[in-house]
Amino acid sequence: MRIIRWIVASAVVVASFFATWGLCRMVSPGLRLEVVLSLAGLASAVVCVPMGVWASHEELPPRGGQRAALQEPGSGMRAQVVVGEIPRQPPAFQPRAVLRAQLRAGAHGIAVVTAVTGSRGTGKTQLAATFARSCIAAGWPVVGWIVADDAAQALSGMDRLARALGLAGQRDDSATAARKARQWLETQASARSLVVFDNASDAAVVRPWLPAAGQARIIITTTNRACEDLGTAIQVDAFTRAEAVAFLHERTGLADDTGAQALAAEVGCLPLALGQAAAVLRTQHITYETVLERIQTMPLDRLLIRNSGDPYPQGAAQAVLLAVQSAQDADPLARPLASLISVLSPAGTRRDLLYGYVGLDELSGEVTSADVDMTIGRLAEASLLTFSLDGNAVLMHRFTQRVLRDREQHAATLQEWMLIAARLIEARLPDREARWGKRVVCKHLIMQTDVLWSLTAPEVSRGVVSNTTREILRLRGWSNHCLWSIGDTNDVVERGPNVVADHERLLGDDCEDTIKALYGLALAYGDLGRHDEAIQLNQRIVNWYVANRGMDDPSTLNLRNTLANNYTESGRDFAVPARLASTIQRRR
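Residues numbered from 1 in each chain as written. Predicted model: local features only at pLDDT ≥ 70, side-chain atom pairs only at ≥ 80, totals over all residues. Heavy atoms only, no water.

Draft legend 1. Structural detail: the overall build of the protein chain. Counting its secondary structure elements, the protein chain contains 26 helices and nine strands. Across the 588 residues of the protein chain, 53% fall into the buried class. Of the contacts formed within the protein chain by residues at least 6 apart in sequence, a portion of 72% connects residues at least 24 apart. Split by element, the accessible area of the protein chain, about 25,500 Å² in all, is 54% carbon and sulfur. (Helix = DSSP H or I, 4+ residues; strand = E, 2+ residues; numbered from the N terminus. Buried < 20%, exposed > 50% of the residue type's maximum accessible area, 1.4 Å probe, protein only. Contact = heavy atoms within 4.5 Å. Areas by Shrake-Rupley, 256 points an atom, 1.4 Å probe, with all protein chains shown as cover.)

Here you go:
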């Protein structure tokens, strides 16, 4: 499309030259040739500037109308919309009937917000997922699952919901689309509509997206008790001793009440740790006594670095490590893949991203995509992973991730896995022309980048810039331009200044990566009509390219056109021929 625009622009410039030539000859046949040439050249130069700006201007997809909100079956639209990576039901799942009954209960005619609180590994997410799966099975028209670890993920989830419902126009950014989703929940959603905000880190993360009225069901899972003020609170504790024993009996097939009770006590009856210990019992065909001995003798002080924060139960951490060891004994790829997933998003990692590990690192050897799938299956059997309902994403519990990251940090290999993850993301980055059609992929990769960046905090706080940090920082700079490319200009303006500040602080003002991070922010400022800010940043970018690439470099010329466009749209005098003389001359 851009090539066509340049062809049209060139044709108009040439046509203006010859039109002026002909007009001069018609009006005053006696004019000297050099005068006619000067006038024709001046006319084409004047036309050249706006046509060059028009031809080089980034083009967004055409504005599209909004589809109607979700309708009932028979209307020609889908009768059910399911959004998000809803976890599958795990093996030997315990119904926890009392908690499920509390979750189903709620007032009618108003928004019902249920804060499901509890420590990590108690089964909060699975309780909410059970309700979500039952709603899907019952034919509820809308079931949304939104990860709310931070504000960016909550916004992305609401944006995705709006687009699945057909509420967002093509030019709507994430914030606009998310607001439309909330409005739909308040005004049009039926009582058979559900949205789950999983693992809300803070009440402020989810509060902007909670409907103030309407009939939709809203569930929030969290470990932050401040969220209990948002609605009816349900406390989720570890399994009761009876539930833990029943789970172990069903999962292992061993009829040993004494051994089951001893194991349950050792791991604090945490469902997550019980599942991992049970997987070891089942796959290795060993006794409760043996697995207890291994858990109790697992040398945590030699395997883990216990970072500050909420302490995790020692027995549960040992169960995680024992499960990994068991899986690794059966499959050498288990530990590397588990370590890789531990540094990616707990909201889910797409399989195709993990397939990129094939051949990427020397540790992967002669590994195929089929091998990756087989190892993922073994990790799931060991209760270290679970799958989304569609099977396209794998999810690792945050508690499991934390234990595995602590292990890698103790082994001084955490940075290596973060670097591998960054390279996987980089290999999947869509080309600029393909981004709009791969909006979901772009948002997924940006989410993964944000998770990796959060893991660099200890190093960044010391002002250290390793190759890993530099690689992740480069991906953050890419996210500025990518978000602009898919129309999320407000998101760029919100996060972009921090991204740029991190580049300047860690890499310096004159680093090329810093300049690239600036460019996405400058484009967003321009689209939002914040011309002074756009001009300031684009002038800085142009100066860098002139100094480092030269005036004749195509990138320099394109950036000068972008700057000229900023001035034109701001109404300032940059378009005066004297100010643009050098640009015009170099473009001819």
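Draft legend 2. Structural context of the pairing of strand β5 (residues 217-222). Judged by how many residues are buried, β5 sits mostly within the fold: six of six residues are covered. Here β5 shows two buried faces, one formed by R217, I219 and T221 and the other by I218, I220 and T222.

Draft legend 3. Main features of the nonpolar core. By size, the foremost hydrophobic cluster in this structure holds 107 residues, and its most contacted members are L263, L340 and V343. Among residues more than four places away in sequence, those in contact with V343 are R405, L414, W417, M418, A421, V451, L452 and L455. Formed by 34 residues, the second largest nonpolar core is a distinct cluster that contains V83, A175, A200 and V205. (Core = buried A, V, L, I, M, F, W, Y, C linked by side-chain atoms within 4.5 Å.)

Draft legend 4. Up close: the sheet that holds strand β7 (residues 349-350). Spatially, β7-β9-β8 is the arrangement adopted by the three strands of the open sheet, whose pairing is antiparallel. Looking at strand neighbours, the two that pair on one side only are β7 and β8 (386-387), the edges of this open sheet. (Pairing = 2+ DSSP bridges.)

Draft legend 5. Quick peek at the confidence of the model for the protein chain. Of all residues in the protein chain, 79% have pLDDT values of 70 or greater, and the mean over the chain is 80. Ranking the helices and strands of the protein chain by mean pLDDT puts strand β3 (residues 142-147) first, with 94, and helix α26 (residues 577-587) last, with 43. Predicted confidence is poor over residues 58-77, with pLDDT under 50, and the contacts of this stretch with residues over four places away or in other chains come to 45 contacts. Below a pLDDT of 50 lies the segment residues 575-588, which in the model reaches 24 contacts outside its immediate sequence neighbourhood of four places, other chains included. (pLDDT = per-residue confidence, 0-100.)

Draft legend 6. Region of interest: the packing of helix α9 (residues 257-266) against helix α11 (residues 288-297). Packing of α9 against α11 leaves a shortest axis separation of 9 Å and a crossing angle of 20°. If you check the angle between α9 and α11, you find them roughly parallel. Crossing of α9 over α11 shows left-handed handedness. Where α9 abuts α11, its residues G259, A260, A262, L263 and E266 lie against Y288, V291, L292, I295 and Q296. Taken together, the residues of the contact of α9 with α11 break down into seven nonpolar, two polar and one charged. (Axes fitted to C-alpha atoms, helices over the stretch in contact; angles between N-to-C directions. Parallel < 35°, antiparallel > 145°, perpendicular 65-115°, else oblique. Left-handed = near helix turned anticlockwise from the far one by under 90°. Nonpolar A, V, L, I, M, F, W, Y, C, P; charged D, E, K, R; others polar.)

Draft legend 7. Here's a closer look at the packing of helix α21 (residues 467-485) against helix α23 (residues 512-527). One way to put it is that α21 packs onto α23 with a least axis distance of 8 Å and a crossing angle of 20°. It follows from the interaxial angle that α21 and α23 lie roughly parallel. In this structure, α21 crosses over α23, and the sense of that crossing is left-handed. Between α21 and α23, the residues in contact are R470, R474, G477, N480, H481 and W484 and D513, A517, Y519, G520, L521, L523, A524 and D527, respectively. Of the residues contributing to the contact of α21 with α23, the split by class is six nonpolar, four polar and four charged.

Draft legend 8. Representation of the packing of aromatic side chains within the structure. Tallying each qualifying case throughout the model produces four aromatic pairs. Both rings, one in F239 and one in F247, keep their centres 5.9 Å apart while their planes meet at 50°; by these two values the pair is tilted. Accessibility assignment for this pair places F239 and F247 in one class, buried. Seen from their ring centres, W544 and Y545 are 5.1 Å apart, and the 70° between their planes marks the pair as edge-to-face. Overall, the relative accessible area of 8% leaves W544 in the buried class. (Phe/Tyr/Trp six-rings, centres within 6.5 Å; stacked < 30°, edge-to-face > 60°.)

Draft legend 9. Broad picture of the pattern of salt bridges. Under the defined criterion, the tally for this structure stands at 25 salt bridges. For R530, the salt bridge goes to E533, with nearest N and O atoms at 2.7 Å. (Salt bridge = Lys/Arg side-chain N within 4 Å of Asp/Glu carboxyl O.)

Draft legend 10. Structural detail: helix α25 (residues 554-570). An ideal rise of 1.5 Å per residue puts 24 Å on 17 residues; α25 measures up with 24 Å between its terminal C-alpha atoms. Every buried residue of α25 is listed here: T556, L557, L559, R560, N561, T562, L563, A564, N565, N566 and Y567. For α25, the N-terminal capping position is held by D553, with its side-chain oxygen 2.9 Å away from the main-chain nitrogen of S555. Downstream of α25 by a residue or two, G571 has a phi angle that is positive, lying close to 85°. (Expected span 1.5 Å × (residues − 1). Polar contact = N/O pair within 3.5 Å; in protein donor to acceptor, adjacent residues only side chain to side chain.)

Draft legend 11. Examining unusual backbone geometry more closely. At H285, a residue that is not glycine, the phi angle is positive and equals roughly 55°. On the secondary structure map, H285 appears in the loop between α10 (271-284) and α11. The phi torsion at S383 lies on the positive side, around 60°, for a residue other than glycine. Tracing the sequence through the fold places S383 in the loop between α16 (369-381) and β8.

Draft legend 12. The arrangement of α10 in detail. The terminal C-alpha atoms of α10 lie 20 Å apart, and with 14 residues this matches the ideal 20 Å at 1.5 Å per residue to within 8%. The buried fraction of α10 is high, at 11 of 14 residues. Looking at α10, one finds that the buried residues are P271, L272, A273, L274, G275, Q276, A277, A278, A279, V280 and L281.

Draft legend 13. Fine view of the pairing of strand β4 (residues 193-198). Burial runs high along β4: six of the six residues are buried. Judged by which residues are buried, β4 turns out to be covered on both faces: S193, V195 and F197 on one side and L194, V196 and D198 on the other are all buried. The sheet contact formed by β4 and β5 spans four bridges and is parallel. Along β5, the bridge assignment pairs F197 with I220.

Draft legend 14. Examining the environment of R182 more closely. With respect to the helices and strands, the residue R182 is situated in helix α6 (residues 174-187). Judged by relative accessible area, R182 falls into the partly exposed class, the value being 24%. Separated by 27 residues in the primary sequence, R182 and W209 place their C-alpha atoms 5.8 Å from one another. The contact partners of R182, leaving out residues within four places of it in the chain, are M158, R207, P208, W209, L210, P211 and A212.

Draft legend 15. Structural view of the environment of P91. Checked against the element boundaries, P91 lands in the loop between β1 (81-83) and α3 (97-104). P91 sits in the partly exposed class, given a relative accessible area of 43%. Not counting chain neighbours up to four residues away, the residues in contact with P91 comprise F247 and R251.

Draft legend 16. Up close: the side chain of Q401. For Q401, the position within the fold is in helix α17 (residues 398-410). At 3.0 Å, the side chain of Q401 and the backbone oxygen of I341 are in polar contact. A polar contact of 2.8 Å, which involves the side chain of Q401, links it to the backbone oxygen of L344. Setting aside its immediate chain neighbours within four residues, Q401 contacts I341, S342, L344, S345, P346 and M396.

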